[in-house]
Amino acid sequence: MPHLPLTSFRPPLWGLRPSRGLRRSRPLSTQSEPDGSAISRRNREAKQKRLREKQASLEAGIAPKTKSPAESSKAWTPKERVLYEIPTEHGEKKDVSRPLPPAYSPQYVEAAWYPWWVREGFFKPEYQARLPQATGETFSMCIPPPNVTGSLHIGHALTVAIQDALVRWHRMRGDRVLWVPGSDHAGIATQAVVEKQLWKERGVRRHELSRADFLREVWKWKEGKGGEICEQLRALGASLDWDRECFTMDTGSSVAVTEAFVRLYKAGLLYRSRQLVNWSCALRSAISDIEVESRPLPGRTELQLPGCPTPVSFGLLFSVAFPVDGEPGAEVVVGTTRPETLPGDVAVAVHPDDSRYTHLHGRQLRHPLTGQLLPLITDCTVQPHVGTGAVKVTPAHSPADAELGARHGLSPWSVIAEDGTMTTLCEDWLQGLHRFVAREKILSALRERGLFRGLQNHPMVLPICSRSGDVVEYLLKSQWFVRCREMGEQAAKAVESGALELSPSFHQKNWQHWFSHMGDWCVSRQLWWGHRIPAYLVVEKHAKGDTEDCWVVGRTEAEAREVAAELTGRPGVELTLERDPDVLDTWFSSALFPFSALGWPRETPDLAHFYPLSLLETGSDLLLFWVGRMVMLGTQLTGQLPFSKVLLHSMVRDRQGRKMSKSLGNVLDPRDIISGVELQVLQEKLRDGNLDPAELAIAAAAQRKDFPHGIPECGTDALRFTLCSHGALGGDLHLSVSEVLSFRHFCNKIWNALRFILNALGEEFIPQPAEELSPASRMDAWILSCLARTAQDCERGFLTRELSLVTHALHHFWLHNLCDVYLEAVKPVLSHSPRPPEPPQVLFFCADVGLRLLAPLMPFLAEELWQRLPPRPGGPPAPSICVAPYPSARSLEHWHQPELERRFSRVQESVQALRALRATYQLTKARPRVLLQSSEPGEQGLFEAFLEPLGTLGHCGAVGLLPTGAAAPLGWVQAPLSDTSRVYMELQGLVDPQTHLPRLAARRHKLQKQLDGLLARPPSEGEAETQRQQKLSSLQLELSKLDKAASHLRQLMDASPSPGGSSSP
């Protein structure tokens, strides 16, 4: 067979010219980017620039420290797209009978596969139970239901990439897998979006519609919008069982929510009480803790708030004097950040040991606005060193003050209403004013009365409603609360005992702290969209001997009426019941998702087979708000932990380490990275969003800076591989598009490798059974050993759920073992006549096993290439790689030879030494002869076994062995390999000393100049100094090499004088 260079299958920078032996198929179409010729010219110029930079780096000896595959990414140049245009019905199998296109194109590769996977039922546990490799074990997971309001972002894509890799691995392993899809109704967010849309399109406010009419509008919006998330999940290759898709407002979920509420109420774990809650005045609803953003302020900060006509200053401490009653001129100065709550003050508190106020213990103070008498009380929670050491007590508007007031028997005084205006409990001049307008009036009144004592900058944390941007108010409201202490103790014990495993384990500390300090959970929300609370107020009569409202709970109104009749002693038909208009917190239904999605409270087959779930995987930011509540309610309602293992990944940030935020312009739709997008389209998406003009300007500018040419097409497989390649179990994940683009280049490497392998196999190739494969050469044995080790590393990574181990192992095998070494080394072997039969068999097994190892992470690319491999003899092949057996470490361990790999690493070091010599003497085309010499017989034997690969990989001519003690031929250059071995390379006749010595001198001058510049710099500290020292060492080493090279060249001149008889000085 003729020599088949791998490079012959690399795509040209521009255009699609079929490679030799590949016939151009009609259904392959291309889409080129605009201005092709200009881009081609720029591509060539960019390539030449990179080559110059690489040469300069080699000269300086400071090739950057070893980078991750992503960091060493190529520059983005627009690629010509290949489209799959063979007529294929939706759900039919893709036609793979045509030759592979000459270059990897994500759009071509990803076409048609997903609908076929779904139609064939590969993602259903019922199908997997019939697989030949079926283990009889079950693996179940649910997707963290994304909010139906929006589209998935990169954080969601990370969740999907990790979960789908695990799911696909378990499925290929033979487990019966169920991965449940679903979405969350997102009460507050959805209602806000629909309200905005109604106002924008029809000029209608929610309260102008009936509740039923508004809910119809929400469902209409959901039906139109909800499909987008499903499309994104399909684009990401998520192998979900779509027949089991659920929504947290569908009928099954509604039944589960009602049942959970009733059971918790009957167990005494749900009650109604008047307590302080987080209140959004803009939304006029209570909000959950997770919807409160704690924004740190360094000092004075102005914020524009909804409903407030002018910006409001925060981060200030206002000092107010409270006159001491009966003692003219005496006062207690109180510091407050919230002067608008002064009308609600019921006391002033100081620390009992604060000597400044000891003489005032038991005295009364005059309220600076109303003149009413307030007690001065003592409490150990007051911090004497903060402000003046005296604090005003406002139990109706501060959680800390509410606790303090309860200890001292103080009654709360609510002065701020649900809409953020001052209540009728205030004086006439404040009633009805916006709370922050009232603030300014109060400060003016204090100044007029001579009781204002100044203000100062005061660092503080301001609670902001993440949904509306308004400052959160703390209001006393009658709401429904879940009693959490007992359930929380059980959740804490589950982790402590090991029954529930949190990974990474450092999250255990947060878990235990949260459950030991958590209060009761307010589940009432003043919304229309959501699960309406199944509680009813008995209007006419209270329960016997009870002066408070009488509330009853029931699955239906009829059931509630029976309870009410029993409580009141009156016939149920005579009672009037009014259902609570509020809905439940979205997190309540989400907390039921692991079992409600499987049919609970009904005893369904899915619930019996797949609950508890095998694993819960989600972002670490949801550990407490979602995972914690699932554990509490799941254990209480089902008697079992909803899952025994929790895997938490890190937050995704941009390459600058910033949190993903729409207002920063760095939130990306995964499809924009998969398919590529122009800057103009990105900017249009921003304008279509809900950003205010100021935020829009900032976000648009950030996009223009980060993506001046848009985002290149990277493909699903590259995005998934990138996301899984991070050590996602540690710190935050900093993601850049260039990193994803680098893994697209990796996909192209795999693509070219398979094109080479398929051409090497030919059409008549028949694979041997794996157990019969016996490598005939050391190179064959080495690559099969690498393959077996890769399978071991992948298995270990999946078992420990450390996917970065899997991606690293696969990247190293495909790129550094297979493409860079074995394929290059096997080319001359394939050109031998007759051609040995073993290398094609080895190539086949590398492709087959390597693609199956890759499939959970790169499902589209793996399927496209694996389908084109010749079928194995024997039984019927798996119809798809996603249900083919995953290669186990045990099945390949007979190929693993660690000692051979260790010995071959010495050969690779020799190859590096040869390439370095070639670079030093600038031998670009020549193929010099090489001799290896070692004083150790074992090492001599090692080199002898790999002479041909040494020459091939080192780009040299004939490679031989020089006996121990023998002198090297004249005109050969040498380099040490170790203390016992050296390599000699022929220079005589290949290098003209008179030409090369001036070049070496010029390079030496340039490097010496760099070294002098570095030495002239003052020493730095920390990492900068370490890098400086590394550069110094690299430059000094390179200068030493150049000096030795110059010396060798002069020796050559002395040994072989030029025809003119002159010699270089």
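Calculation notes
- Residues numbered from 1 in each chain as written.
- Predicted model: local features only at pLDDT ≥ 70, side-chain atom pairs only at ≥ 80, totals over all residues.
- Heavy atoms only, no water.
- Helix = DSSP H or I, 4+ residues; strand = E, 2+ residues; numbered from the N terminus.
- Contact = heavy atoms within 4.5 Å.
- Areas by Shrake-Rupley, 256 points an atom, 1.4 Å probe, with all protein chains shown as cover.
- Core = buried A, V, L, I, M, F, W, Y, C linked by side-chain atoms within 4.5 Å.
- Buried < 20%, exposed > 50% of the residue type's maximum accessible area, 1.4 Å probe, protein only.
- pLDDT = per-residue confidence, 0-100.
- Polar contact = N/O pair within 3.5 Å; in protein donor to acceptor, adjacent residues only side chain to side chain.
- Axes fitted to C-alpha atoms, helices over the stretch in contact; angles between N-to-C directions.
- Parallel < 35°, antiparallel > 145°, perpendicular 65-115°, else oblique.
- Left-handed = near helix turned anticlockwise from the far one by under 90°.
- Nonpolar A, V, L, I, M, F, W, Y, C, P; charged D, E, K, R; others polar.
- Expected span 1.5 Å × (residues − 1).
- Arc of directions from axis to C-beta.
- Pairing = 2+ DSSP bridges.
- Phe/Tyr/Trp six-rings, centres within 6.5 Å; stacked < 30°, edge-to-face > 60°.
- Lys NZ or Arg CZ within 6 Å of the ring centre and 35° of its normal.
- Salt bridge = Lys/Arg side-chain N within 4 Å of Asp/Glu carboxyl O.

Some details on the overall build of the protein
Counting its regular elements, the protein contains 33 helices and 35 strands. In the protein, the proportion of contacts linking residues at least 24 apart, taken out of those at least 6 apart, comes to 77%. Total accessible area computed for the protein in this model is approximately 47400 Å², and 51% of it derives from carbon and sulfur atoms.

What about the nonpolar core?
Core analysis: the biggest nonpolar cluster contains 166 residues, and Ile750, Ile783, Trp814, Tyr822 and Leu851 have the highest contact counts within it. Ranked by the residues each element gives to this core, the list is headed by helix α25 (residues 803-830), at 16 residues. Among all residues touching Tyr822, those that are not within four sequence positions of it are Met779, Asp780, Trp782, Ile783, Asn817, Pro839, Val842 and Leu843.

Things to note about the confidence of the model for the protein
Low pLDDT marks regions whose predicted coordinates should not be analysed in detail. Across the protein, pLDDT averages 87, with 90% of residues at or above 70. For the stretch residues 47-74, pLDDT sits under 50, and the model shows 37 contacts to residues farther than four places along the chain or on other chains. Contacts for the low-pLDDT stretch residues 1058-1065, under 50 throughout, to residues beyond four places or in other chains number 6 contacts.

Digging into the side chain of His397
Looking at the secondary structure, you find His397 in the loop between β17 (390-393) and α10 (399-407). Only 3.1 Å separates the side chain of His397 from the backbone oxygen of Tyr474, close enough to count as a polar contact. For His397, the contacting residues outside a window of four places in its chain are Leu276, Arg338, Thr341, Trp413, Ser414, Val415, Ile416, Glu473, Tyr474 and Leu475.

Observations regarding unusual backbone geometry
At the junction of Ser503 and Pro504, the peptide bond is cis and its omega measures out at 0 degrees in the coordinates. Of note, the phi angle at Ala186 is positive, near 50 degrees, even though the residue is not glycine. One can find Ala186 in the loop between β5 (182-183) and α6 (187-202). Unusually for a residue other than glycine, His955 sits at a positive phi of about 55 degrees. Tracing the backbone through its elements, the reader meets His955 in the loop between α31 (947-953) and β33 (959-961). The partly exposed category is assigned to His955, whose relative accessible area is 33%.

Examining the packing of helix α20 (residues 679-688) against helix α21 (residues 693-706)
The description of two packed helices rests on the angle between their axes and on the distance between the axes. Direction vectors running N to C along α20 and α21 enclose 165 degrees, while the axes themselves pass 10 Å from each other. Compared by their axis directions, α20 and α21 come out roughly antiparallel. The interaxial crossing formed by α20 with α21 has right-handed handedness. Together, Leu679, Leu682, Gln683, Leu686 and Arg687 of α20 and Leu696, Ala699, Ala700, Gln703 and Arg704 of α21 make up the contact between the two elements. For the contact of α20 with α21, the per-class residue count stands at 6 nonpolar, 2 polar and 2 charged.

Comments concerning helix α24 (residues 778-800)
With 23 residues, α24 should cover 33 Å at 1.5 Å per step; its first-to-last C-alpha distance of 33 Å lies within 8% of that length. Downstream of α24 by one or two residues, Arg801 has phi in the positive range, about 60 degrees.

Side note on helix α11 (residues 435-448)
The end-to-end C-alpha separation of α11 is 20 Å, in line with the 20 Å expected for 14 residues at 1.5 Å each. Burial in α11 covers these residues: Arg435, Phe436, Ala438, Arg439, Ile442, Leu443, Ala445 and Leu446. Mapping the buried residues of α11 onto a view down its axis gives an arc of 160 degrees, with all of them on the same face. Check the buried side of α11 and you find it contacts β11 (312-314), β12 (316-323), β18 (452-457) and β20 (473-482). Positive phi appears at Gly450, one or two residues downstream of α11, with a value of about 70 degrees.

Let's talk about the pairing of strand β32 (residues 930-934)
Of all 5 residues in β32, 5 are buried, a share of seventy percent or more. Residues Val930, Leu932 and Ser934 of β32 are buried on one face, and the alternating residues Leu931 and Gln933, pointing to the opposite face, are buried as well. The sheet contact formed by β32 and β33 spans 3 bridges and is parallel. The residue bridging Leu932 from the neighbouring strand is Leu961, located in β33.

As for the side chain of Gln163
By secondary structure assignment, the location of Gln163 is in helix α5 (residues 154-173). A relative accessible area of 0% means that Gln163 is categorised as buried. Within the local environment of Gln163, its side chain forms a polar contact with the backbone oxygen of Glu617, the two atoms lying 2.7 Å apart. Beyond its immediate sequence surroundings of up to four residues, Gln163 is in contact with Met141, Cys142, Ile143, Pro144, Trp179 and Glu617.

A few points about the packing of aromatic side chains
Under the counting rule described, the total for this entry stands at 34 aromatic pairs. Residues Trp219 and Trp529 carry aromatic rings whose centres are separated by 5.2 Å and whose planes lie at 80 degrees to one another, so their mutual orientation is edge-to-face. With a gap of 310 residues between them, Trp219 in helix α7 (residues 211-225) and Trp529 in the loop between β23 (524-525) and β24 (535-538) connect regions that are remote in the sequence. Note on Trp514 and Phe515: the rings are 5.1 Å apart at their centroids and 75 degrees apart in plane angle, and the pair reads as edge-to-face. Positioned above the aromatic ring of Tyr84, the side-chain terminus of Lys94 is 4.9 Å from the ring centre.

Looking at the sheet that holds strand β16 (residues 373-378)
Sheet architecture is open: 4 strands sit in the order β15-β16-β14-β17, paired in mixed fashion. Two strands lie at the open edges of the sheet, namely β15 (364-366) and β17, each paired on one side alone. Averaged over all neighbouring strand pairs, the angle between strand axes comes to 35 degrees, with direction disregarded.

Quick look at the pattern of salt bridges
For the structure on display, the rule yields 53 salt bridges. A salt bridge links Asp354 to Arg356; the nearest nitrogen and oxygen atoms lie 2.8 Å apart. Look at Arg356 and you get partly exposed, because its relative accessible area is 41%. Across the pair Asp669 and Arg671 runs a salt bridge, and its minimum N-O distance is 2.8 Å. Since its relative accessible area comes to 9%, Asp669 is described here as buried.

Considerations on the environment of Arg467
Mapped onto the fold, Arg467 is located in the loop between β19 (460-465) and β20. According to the relative accessible area criterion, Arg467 is partly exposed, its value standing at 37%. Taking the C-alpha atoms as reference points, Arg467 and Leu283, 184 residues apart in sequence, are found 8.4 Å from one another. Residues within four places of Arg467 in sequence aside, it is in contact with Asn147, Ile188, Ala189, Leu283 and Glu291.

Concerning the environment of Leu637
Its place among the elements puts Leu637 in helix α18 (residues 623-638). For Leu637 and Phe595, which are 42 residues apart along the polypeptide, the C-alpha to C-alpha distance reads 9.7 Å. Every residue in contact with Leu637, bar those within four places of it in the chain, is listed here: Ala260, Arg263, Leu264, Leu592, Phe595 and Trp600.

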